[in-house]
Every structure is written in C-alpha cells, then in structure tokens.
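# Architecture at a glance
Each chain, written out:
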Amino acid sequence: MTEFLLSLLQIIVVNIVLSGDNAVVIALACRNLSPELQKKAVFWGSFGAIALRVILTFIAIYLLKIPFVQVVGGLLLIWIAVKLLKGEDEDSHIGGGSNMMEALKTIIFADLIMSLDNVIAVAGAANGNMLLVLIGLAISIPLIIWGSQLLMKLMNRFPIIVLLGAALLGYTAGEMIVGDKLVSGFIEETMPALHIILPVALALVVIAVGNYLKRKAEKEKANQVGQDHAETL
C-alpha cells in the first residue's frame, strides 16, 4: 500500500510539472475567443487532449524506440509556438465557430506532440500498474483545465505572459530534441552543454521569429485597411 501511495504521489508531481506546457497551449490557442467560446474550447480541447493521452500512454513506449521521433516532435512544436505568438486575426467580424475550431485543432495537435514525455513519465512512475496509469491520467484533467483558465485570465491583464508562454514552448521543443536517444548520445560525446544551450536558444528563436511575423502581419493588415479606405473615397 505504501509503494502504491508513493507511486501515486510521484505521478501527481510529474503531472504538475509536465502539464504546464499543455495548459499554456490551451490558454494561448483560446485567448482570442469570446469568454463564452473560451469555456467551450477549454472543455472540448482538454477532453480531446486527455483522450489522446489515454491512447499515447499505451503506444508511447514503442514510439520512443524509433530514432528521431522526439526530434520531429520538437520541430513541429517550434512551428506551433511561433504560430501562437504571431496570433490570429482578432477582427470581431470573423465567425466565432471557425475560430473555436481552429483553437481546438491547435490544442489537440500540440498535445499530440507534447504528451510523449508526460505519458512516459507517468507510465514509468506507475511501474506497469495500469490502475496507477489511469489515476495519473485522471489527475491530468483538472491540472490542464484549471491551469489554462488561470493563464487566460492572467494573459488578458499581462500580455507579456503570451510571450513567456511561447518561449516556454520553444524551450520544451529544445528539450524534446536533445532528449531523443540518438541525439542525446551524440551530444554527450561531442558537446554536453547543448542539453542546456539548445532549449534556451530555441526559446529565443521562437520569440524573435514570432514577434517578427506578428509585426509583419500587423503592417500588412494596416496597409490593407488603408487601401480599402482609399478605395471607398
């Protein structure tokens, strides 16, 4: 019984540490929606994310045996982080339903990429006990939902959190890349410091590229508005 409780405590800690990135994705993807749509997107996005975790828990161990799987996942996560930082058109005339569907796709796709480390850690802490695995997955639900809702409220008051959130995703992508078995072994033999340097560098790259694309999109939008205004005169 003691071993069971210790393993459960370990799973809870793992989920607290690793579910933060997933909450960031949900909060960033939903931040431009109306309050009503935010609640729906958070619920359904979290539901889809947890459903994926159940599936990934049973297949992630096999996936991670394939070389460079985490490298590909990390590269895809960088693309998502830049896309989220760039932001979508916030024009209120855009249909809310289409925005919510876009947010849901982003949430589920990102969680599909990011959950490998989480489910492997949970499975490892459970020591093959499927009851513990299922309890660990159940614990993930409130952590992701409550965490994303809190982040959305803070983002509205402190926009810099959006920047920090995207940077966190870039850092996570770097950790996934250096955590790949083949890549990790190569780094250990050549330049061990890359285990720290690459995640930090990718966080900075996400901020730089995301901000550049955001400013470019805003400039193009302003030019288009100016042209449309000139045409109406």
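Identification of the protein as TerC family protein from Brevibacillus choshinensis is taken from an unreviewed UniProt entry. The record in UniProt for the protein states the following under Sequence similarities (unreviewed entry): "Belongs to the TerC family." Looking at the protein in UniProt, the text filed under Subcellular location (unreviewed entry) is "Membrane".

### A word on the overall build of the protein
Counting secondary structure elements, the protein contains 8 helices and 0 strands. Listed by position from the N terminus, the elements making up the protein come as α-α-α-α-α-α-α-α. Scored against the burial criterion, the 233 residues of the protein give a buried share of 41%. For the protein, long-range pairs separated by at least 24 residues make up 87% of all intrachain contacts whose partners lie at least 6 apart in sequence. Of the roughly 12,800 Å² of accessible surface on the protein, a fraction of 70% belongs to carbon and sulfur atoms.

### Regarding the nonpolar core
Within the largest apolar cluster, 37 residues are counted, with the highest numbers of intra-cluster contacts made by Leu-28, Cys-30, Leu-33 and Leu-169. Every element with two or more residues in this core is listed here: helix H1 (2-30), helix H2 (35-63), helix H3 (69-86), helix H4 (96-126), helix H6 (160-179), helix H7 (181-190) and helix H8 (194-232). Those residues in contact with Leu-28 that lie beyond four places of it in its chain are Leu-84, Met-155, Val-162, Gly-165, Ala-166 and Leu-169.

### Topic: the packing of H3 against H6
Taken N-terminus to C-terminus, the directions of H3 and H6 make an angle of 170 degrees; their axes are 7 Å apart at the nearest point. On the basis of their axis angle, the class for H3 and H6 is roughly antiparallel. Only Val-162, Leu-163, Ala-166, Leu-169, Gly-170, Thr-172, Ala-173, Met-176, Ile-177 and Gly-179 of H6 make contact with H3, whose side of the interface consists of Gln-70, Val-71, Gly-73, Gly-74, Leu-75, Leu-77, Ile-78, Ala-81, Leu-84 and Leu-85. Class assignment for the residues of the contact of H3 with H6 results in 14 nonpolar, 6 polar and no charged.

### As for the environment of Ser-7
Along the chain, the position of Ser-7 falls in helix H1. On a C-alpha basis, the gap between Ser-7 and Gly-136 in space is 9.8 Å, while along the polypeptide they are 129 residues apart.

### Side note on the UniProt feature "transmembrane region" (unreviewed entry) in the protein
Mapped onto this numbering, the UniProt entry annotates "transmembrane region" (unreviewed entry) at residues 6-29, 41-62, 68-85, 130-147, 154-173 and 193-213. Along residues 68-85 the backbone is 94% helical and 0% strand, and the end-to-end C-alpha distance reaches 26 Å. As a span, residues 154-173 carries 90% helix and 0% strand, and end to end its C-alpha atoms are 24 Å apart.

### Re H3
An α-helix turns once per 3.6 residues; consequently, residues spaced three or four apart project the same way. The terminal C-alpha atoms of H3, which comprises 18 residues, lie 26 Å apart, in line with the 26 Å expected from a rise of 1.5 Å per residue. All of the buried residues in H3 are Gln-70, Val-71, Gly-73, Gly-74, Leu-77, Ile-78, Ile-80, Ala-81, Val-82, Leu-84 and Leu-85.

### Focus: a nonpolar patch on the surface
A cluster of nonpolar side chains, namely Val-72, Leu-76, Trp-79, Phe-109 and Leu-112, defines an oily patch on the protein surface of about 450 Å² accessible area. Residue assignment for the nonpolar patch shows that the elements contributing at least two residues are H3 and H4. When residues of the nonpolar patch are assigned to their parent elements, the largest contribution, 3 residues, is made by H3. Position of Val-72 among the secondary structure elements: in helix H3.

### Side note on the confidence of the model for the protein
Overall, the prediction assigns the protein a mean pLDDT of 75, with 74% of residues at 70 or greater. Least confident of the elements in the protein is H4, whose mean pLDDT is 67; most confident is H7, at 86. The model gives residues 89-98 a pLDDT under 50, and that stretch makes 6 contacts with residues more than four places away or in other chains.

### Observations concerning the packing of H6 against H7
When two helices pack together, their arrangement is captured by the angle between the axes and the distance separating the axes. Contact geometry of H6 with H7 gives a least axis separation of 5 Å together with a crossing angle of 80 degrees. Classified by the interaxial angle, the pair formed by H6 and H7 is roughly perpendicular. On H7, the residues that touch Ile-177, Val-178 and Gly-179 of H6 are Lys-181, Val-183, Ser-184 and Ile-187. Its residues assigned to classes, the contact of H6 with H7 shows 4 nonpolar, 2 polar and 1 charged.

Procedures and definitions
- Residues numbered from 1 in each chain as written.
- Predicted model: local features only at pLDDT ≥ 70, side-chain atom pairs only at ≥ 80, totals over all residues.
- Heavy atoms only, no water.
- UniProt positions renumbered as here; feature names shortened; annotations may be inferred.
- Helix = DSSP H or I, 4+ residues; strand = E, 2+ residues; numbered from the N terminus.
- Buried < 20%, exposed > 50% of the residue type's maximum accessible area, 1.4 Å probe, protein only.
- Contact = heavy atoms within 4.5 Å.
- Areas by Shrake-Rupley, 256 points an atom, 1.4 Å probe, with all protein chains shown as cover.
- Core = buried A, V, L, I, M, F, W, Y, C linked by side-chain atoms within 4.5 Å.
- Axes fitted to C-alpha atoms, helices over the stretch in contact; angles between N-to-C directions.
- Parallel < 35°, antiparallel > 145°, perpendicular 65-115°, else oblique.
- Nonpolar A, V, L, I, M, F, W, Y, C, P; charged D, E, K, R; others polar.
- Expected span 1.5 Å × (residues − 1).
- Patch = residues over 30% accessible without salt bridge, like charges linked within 9 Å, V, L, I, M, F, W, Y side chains within 5 Å.
- Salt bridge = Lys/Arg side-chain N within 4 Å of Asp/Glu carboxyl O.
- pLDDT = per-residue confidence, 0-100.

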